[in-house]
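Notes for the structure review
Listed below, chain by chain, are the residues.
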Amino acid sequence: MGLFSSKNKDGNLETKMIHIAGLPDNYGKYAFMHIILDENTGILQFKKSLKTDECVNLAISKITKCETITEEKIKEKSGVGRAIAGGLMFGTAGAVVGAVTAKDKKKKEYFKCITYISDNEEKAIVMKDGGDLHSVKFFNRLSDLISKQDNPVSIDL
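Everything in this summary refers to the structure shown in the same document. Not measured: the values here are computed from a predicted model. Each chain has its residues counted from 1, running along the sequence as written. For this predicted model, a pLDDT threshold of at least 70 governs which residues receive local features, and a threshold of 80 or more governs which side-chain atom pairs are given and counted, while totals over whole chains, interfaces and linings are taken from all residues. Side-chain numbers come from the whole structure's heavy atoms, not from hydrogens or water.

Another point: the sheet that holds strand β2 (residues 32-38). A sheet is described by the order of its strands in space; here seven strands give the open sequence β4-β3-β2-β1-β7-β6-β5, paired in antiparallel fashion. Of all strands in the sheet, those bounded by a partner on one side alone are β4 (56-59) and β5 (63-70). Strand-to-strand twist of the sheet, defined as the mean angle between neighbouring strand axes without regard to direction, takes the value 35 degrees. For two strands to be treated as a pair, DSSP must find at least two bridges joining them. Helical segments are the DSSP runs of H or I of at least four residues, strand segments are the runs of E of at least two, and each set is numbered from the N terminus. Axis definition: a line fitted to C-alpha atoms, limited for helices to the stretch in contact. Angles are taken between N-to-C directions and run from 0 to 180 degrees.

With respect to the helices and strands, H34 occurs in strand β2. N or O atoms within 3.5 Å of each other form a polar contact, as long as, within protein, one can give a hydrogen and the other can take it, and as long as residues adjacent in sequence are counted only when both atoms are side-chain atoms. There is a polar contact of 3.5 Å between the side chain of H34 and the side chain of E14.

The next point concerns the pairing of β2. Burial classes: relative accessible area under 20% of the type maximum marks a residue as buried, over 50% as exposed, and values in between as partly exposed (1.4 Å probe, protein chains only). Burial of β2 is extensive: six of the seven residues sit out of reach of the surface. Of the strand pairs in this sheet, strand β1 (residues 13-21) and β2 are connected by six bridges, and their pairing is antiparallel. Paired with M17 across the bridge in β2 is M33. Pairing between β2 and strand β3 (residues 43-47): five bridges, direction antiparallel. Its bridge partner being in β3, D38 is matched across the sheet by I43. If you look at the hairpin formed by β2 and β3, you'll find four residues sitting between the two strands, and G42 has a positive phi there, around 70 degrees.

In summary, the pairing rule links any two rings of Phe, Tyr or Trp, Trp by its six-membered ring, whose centres are within 6.5 Å, and it sorts them by plane angle into stacked for under 30 degrees, edge-to-face for over 60 and tilted for everything else. What the rule picks out here adds up to one aromatic pair. With 5.0 Å between their ring centres and 75 degrees between their planes, F138 and F139 make a pair best called edge-to-face.

Burial of strand β6 (residues 110-118) is extensive: eight of the nine residues sit out of reach of the surface. In terms of strand pairing, β5 meets β6 through seven bridges, oriented antiparallel. Residue T68 lies in a different strand from β6, and its bridge partner there is K112. Where β6 and strand β7 (residues 121-129) come together, eight bridges link them in antiparallel fashion. Following the sheet pairing, T115 is matched in β7 by A124. Counted between consecutive antiparallel strands, the loop separating β6 from β7 contains two residues, among which D119 sits at a positive phi close to 55 degrees.

Now for the nonpolar core. Here, nonpolar core refers to any group of buried Ala, Val, Leu, Ile, Met, Phe, Trp, Tyr and Cys residues whose side-chain atoms link them within 4.5 Å. Counting 24 residues, the largest nonpolar core has L44, F46, I114 and L142 as its most contacted members. Among all residues touching L44, those that are not within four sequence positions of it are I35, I36, L37, V56, N57, L58, I60, I63, I114, F138 and L142. Any two residues having at least one pair of non-hydrogen atoms within 4.5 Å are treated as being in contact.

A word on the environment of C113. Tracing the sequence through the fold places C113 in strand β6. Each C-alpha atom of the pair C113 and T68 lies 6.3 Å from the other, and the pair is 45 residues apart in sequence.

Honestly, it's all geometry; don't read function into it.
Okay, here's the thing in structure tokens:
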């Protein structure tokens, strides 16, 4: 990925973010991740390093939503209170973000929450903005692809 381009050498959109929750344990909390949007295969890839083939693949067709969550959306003071409020407002991902943002901070932090269906269960991957200038373009395109799915995954209540 070049300084002025959001595409990698294969022509796929790419961004960098910090993993908070949702990927397998061996990917580590707060690990820096490369996220690649491969529209040709319909796969979203999460990689710790571009020099390895090891990655987590998520089919775009399984993604139900991609949203930005800020710490200001969760108003409680304590970590437990924030986790409960976040869980009520945004499900599992909100609970994780609520617990993570328990400290009093003056700087506004942004998290991306990718919600998907796996084994008939709603799950989420939460990433923190890693300062990559290309993340807005990346997630706008991902959201566009999700909204245009022919057979979007739905949750029955």
